[in-house]
Amino acid sequence: MRPTNVADPEYFHKVVDCQWACPAHTPVPEYIRLIAQGRYDQAYMVNWVSNVFPGVLGRTCDRPCEPACRRGRVEEENAAKPEPVAICRLKRVAADNKNGDSVRAMMPKPLPRNGKRVACVGAGPASLTVARDLAAQGYAVTVFDGEAKAGGFIRSQIPRFRLPETVIDEECGHILDLGVEFRSGQRVESMKALMAEGWDAIFVGCGAPRGRDLDVPGRQEAAADIHIGIDWLASVSFGHVTSVKKRVIVLGGGNTAMDCCRSARRLGADDVKVIVRSGFEEMKASPWEKEDAQHEGIPIVNCHVPKACLLEDGKLVGMSFQIVTPVYDDKGRRTLKPTGETDVVFECDEVLVAIGQENAFPWIEADSGIAFDKWGLPTLDAKTFRSTVANVFFGGDAAFGPKNIITAVAHGHEAAVSIDRFLHGEPVTQRPPPHVNLVSQKMGIHEWSYDNDISNDLRNKVPWAKAEMALASIKIEVELGFDAATAFKEAERCLNCDVQTVFSDRLCIECDACVDICPMDCISFTADGDEADLRTRLKAPATNTEQALYVSAPLKTHRVMVKDEDVCLHCGLCAERCPTGAWDMQKFLLLTTKAGPDCRDRKPSAHKVETTA
């Protein structure tokens, strides 16, 4: 194999599994160490630079970082239940314990206005991220939204028992305080009219606002008692719906369905069921969302397909379902096959339909120049988020369909870079590299500037409000968050994957001391070969091909050093044991480039602005 190019920013980035998995590439171990030190303000700001909404995401993130966490795969097999670090809940610790005045003082001061005007359609996470990144750089950013307050679906679709409104107000406020103009109650009704206003760039972050409906016999006759889930949640959020009937069925297996069923339980329903077409494990809802619903006594009935709404004297009294089983072909494609069992009837008085969301752009005229694909999604460059109109960009759910908050934030960052480069006359398809730094953590012969004590401590549980209180009100927050002591214990579980094992082949004397001391048997000195061959000849076979091998240049004996990055604990024992310093522990810090001078290739041109798609 060719020697590993550790100068490539992506190599060590991929080794920091949590940061690699985060769409916004938040430097997770960096802020976890700060939390362990009680430096909550700094931990909050590390988050804020990357993910914009630390308090919101600390409660509601889909947590793509946690399944990637190394902790969940390297603990001893006899550990009761190896689990990742509670990354999301630690983010909340930083948000809940920060000093508000200190954080406000650390917020960037916007540069003088540069004469460029940018319109953002919708006040959700993608648009607010664009606004934050560009307003700080001197752009005059105006955000349009039909609602009275900013936040988009963060405010309208996430129930208050999961996300208090005060958190939304605070974090949207940080952005608006940068000089962003928020035109509340102004829903954009025409893209052509918006274009005619002479904006230098337009960003569309209006989400996927249309919920899919149910098409079964009896649906229209029972319309008064059947509601689209996302619309119903918005009505609950804004106080238009304050109660439900006693027997409620929720259709769907995503996070919206989980929010619907838990909200219905709090609004007075005695009998709430979630009924889903797929198998339980195939549900799109996050595992913890399903667990939370079941914890509150809400059953989830899987493999049932809706057949009809049943009415008596014009009133909804139940629904019938066909029982199915999933069958997969040789390509892994799923079809639902009827089992032949008798249809099942569940009694109900009200139905909440949460079977998916669709993009809806009735306000974008067909002759606006913006092209759409056969699924009704805008035709975009996947890297730049640019549409077929040169100065119009999309992001969040409006770009590629419904995802989650952290993905919308990541889209916003990239779109802001595109807009900044476009308005400075630079090609938007060229993306600058991230900022990368490697710093040795050596302090003394056996001392490191980070905690490298490895233990099998189990994941700490987040305390909940008492059930009788939590279920009595739609506004009482269920999860209480970690206290400082528990947060410290949870932060100590982090393996500091960003403190990298860096090898210098010219210093190695091939004594194999590192091989002997490595607790994971992930270091080997062996003859070179191709990757498939090498993976089988290591001290412990490297079976995860998703994670790279660290391969040195040929050593004096013509062997190579090979390290399996997949199971390395980053404990530093190899560097402690090495008599020549061939191994070192170096902290890797990667910050993706945001809008501003760092994302540009040259000084702005006064005349030339790119105008073609």
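Whatever comes next refers back to the structure up there.
As the structure is a computational prediction, the values presented were derived from the model and not from experiment.

Peer 1: Explanation requested: the sheet that holds strand β24 (residues 583-591) in the structure shown.
Peer 2: Hydrogen bonding along the main chain pairs the strands of a sheet, whether they run parallel or antiparallel. As summarised here, the arrangement of the three strands in space is β17-β24-β20, forming an open sheet in which the pairing is antiparallel. Each having just a single partner strand, β17 (435-440) and β20 (499-503) make up the two edges of the open sheet. Between one strand and the next, the sheet's axes are offset by a mean angle of 40°, whatever the strand orientation.

Peer 1: Before we go on, may I ask you to explain the sheet that holds strand β6 (residues 226-228) in this structure?
Peer 2: Strand order in the open sheet made by the five strands is β6-β14-β7-β8-β9, with parallel pairing throughout. A single partner strand is all that each edge strand has here, and the edge strands are β6 and β9 (300-301). With three bridges connecting them, β6 and strand β14 (residues 350-353) associate as parallel partners. In the strand pairing of β14, H227 is matched with L352. Most of the contacts of helix α14 (residues 229-237) go to β6, to which it runs at about 90°, and overall it touches β6 and β14.

Peer 1: How should I be thinking about the packing of aromatic side chains in this particular structure?
Peer 2: The description of an aromatic ring pair rests on the distance of the ring centres and on the angle between the ring planes. Enumeration according to the criterion identifies 13 aromatic pairs in this entry. Here F144 and W199 contribute two aromatic rings whose centre-to-centre distance is 5.9 Å and whose plane-to-plane angle is 90°, an arrangement assigned as edge-to-face. Note that F144 is positioned in strand β2 (residues 140-145) and W199 in the loop between α13 (191-195) and β4 (201-204), a separation of 55 residues in sequence. Judged by centre distance (5.7 Å) and plane angle (65°), the ring pair of F321 and F346 falls under edge-to-face. Taken as a pair, F321 in strand β11 (residues 315-328) and F346 in strand β13 (residues 344-347) lie far apart in primary sequence, 25 residues in all.

Peer 1: Even after reading the chapter, I still don't get the pairing of β4, so can you show me in this structure?
Peer 2: Each regular strand shows side chains that alternate between the opposite faces of the sheet. The two faces of β4 match: A201 and F203 on one face and I202 and V204 on the other face are all buried. Two strands pair when backbone bridges link them, and strand β1 (residues 117-121) and β4 are joined in this way by four bridges, in the parallel orientation. Bridge pairing links A119 to I202 in β4. Sheet analysis places β4 next to strand β16 (residues 392-394), joined by three bridges and oriented parallel.

Peer 1: Please explain unusual backbone geometry as it appears in this structure.
Peer 2: The phi angle of most residues is negative, glycine excepted, and most peptide bonds adopt the trans form. The backbone of R63 shows a phi angle near 55°, a positive value even though the residue is not glycine. Positionally, R63 belongs in the loop between α5 (54-60) and α6 (65-68). The phi angle at N496 is positive, at roughly 55°, despite the residue not being glycine. Relative to the elements of secondary structure, N496 occurs in the loop between α20 (484-491) and β20.

Peer 1: Where do I start with the nonpolar core in this structure?
Peer 2: Proteins that are soluble and globular tend to have nonpolar side chains buried together. V141 and F394 are the most contacted members of the largest nonpolar core, which has 65 residues in total. Among the elements that line this core, the one with the most residues is helix α18 (residues 405-422), at eight residues. Sequence-distant contacts of V141, defined by excluding residues within four places in its chain, comprise V118, C120, A131, L134, A135, V180 and E181. Counting 56 residues, the second-largest nonpolar core is a separate cluster that includes A86, L90, C518 and A582.

Peer 1: Please explain the state of the cysteines as it appears in this structure.
Peer 2: In a disulfide, the sulfur atoms of two cysteines are covalently bonded to one another. Applying the stated criterion across every chain, the model contains zero disulfides. Of all cysteine sulfurs, the one in C120 lies closest to C206, which takes part in no disulfide; the gap is 12 Å. Left unpaired, C568 is separated from the closest cysteine sulfur, that of C522, by 4.6 Å.

Peer 1: Looking at this model, I keep getting lost on the pattern of salt bridges. Mind explaining?
Peer 2: Pairing is possible between side chains of opposite charge, provided their charged atoms come close. Applying the stated criterion across every chain, the model contains 49 salt bridges. E30 serves as the salt-bridge partner of K587, at 3.4 Å between the closest nitrogen and oxygen. Of this pair, K587 sits in strand β24 while E30 is found in helix α3 (residues 28-36), placing the two residues 557 residues apart along the sequence. The exposure class assigned to E30 is buried, which follows from its relative accessible area of 16%.

Peer 1: Which parts of the structure should I look at to understand the environment of T26?
Peer 2: Relative to the helices and strands, T26 is located in the loop between α2 (17-21) and α3. Residue class for T26 comes out buried when judged on its relative accessible area of 1%. For T26, the contacting residues outside a window of four places in its chain are Q19, Y31, N47, S50 and N51.

Peer 1: Please explain helix α15 (residues 255-266) as it appears in this structure.
Peer 2: Spacing of three or four residues puts side chains on the same side of an α-helix, whose turn is 3.6 residues. Across its 12 residues, α15 extends 17 Å between first and last C-alpha, which sits within 8% of the 16 Å expected from 1.5 Å per residue. The element α15 is largely enclosed, with a buried count of 10 among its 12 residues. Taken as a whole, α15 has its buried residues at N255, A257, M258, D259, C260, C261, R262, S263, A264 and R266.

Peer 1: Please explain the packing of helix α4 (residues 40-51) against helix α8 (residues 87-97) as it appears in this structure.
Peer 2: Packed helices, taken two at a time, are described by their axes: the angle between them and the distance between them. At a closest axis distance of 8 Å, the pairing of α4 and α8 adopts a crossing angle of 115°. Crossing angle aside, the handedness with which α4 passes α8 is left-handed. In contact with Y40, A43, Y44, N47 and N51 of α4, α8 contributes K91, V93, A94, A95 and N97. Of the residues assigned to the contact of α4 with α8, the class counts are six nonpolar, three polar and one charged.

Peer 1: Looking at this structure, I do not really get α20. What am I missing?
Peer 2: Among all positions in α20, only T486, A487, E490 and A491 are buried. Projection of α20 onto a plane perpendicular to its axis shows the buried side chains occupying an angular sector of 135°, all on one side. Residues of α20 that are buried make contact with α3 and α8.

Calculation notes
Residues numbered from 1 in each chain as written. Predicted model: local features only at pLDDT ≥ 70, side-chain atom pairs only at ≥ 80, totals over all residues. Heavy atoms only, no water. Pairing = 2+ DSSP bridges. Helix = DSSP H or I, 4+ residues; strand = E, 2+ residues; numbered from the N terminus. Axes fitted to C-alpha atoms, helices over the stretch in contact; angles between N-to-C directions. Contact = heavy atoms within 4.5 Å. Phe/Tyr/Trp six-rings, centres within 6.5 Å; stacked < 30°, edge-to-face > 60°. Buried < 20%, exposed > 50% of the residue type's maximum accessible area, 1.4 Å probe, protein only. Core = buried A, V, L, I, M, F, W, Y, C linked by side-chain atoms within 4.5 Å. Disulfide = S-S within 2.5 Å. Salt bridge = Lys/Arg side-chain N within 4 Å of Asp/Glu carboxyl O. Expected span 1.5 Å × (residues − 1). Left-handed = near helix turned anticlockwise from the far one by under 90°. Nonpolar A, V, L, I, M, F, W, Y, C, P; charged D, E, K, R; others polar. Arc of directions from axis to C-beta.

Geometry only, nothing functional implied.
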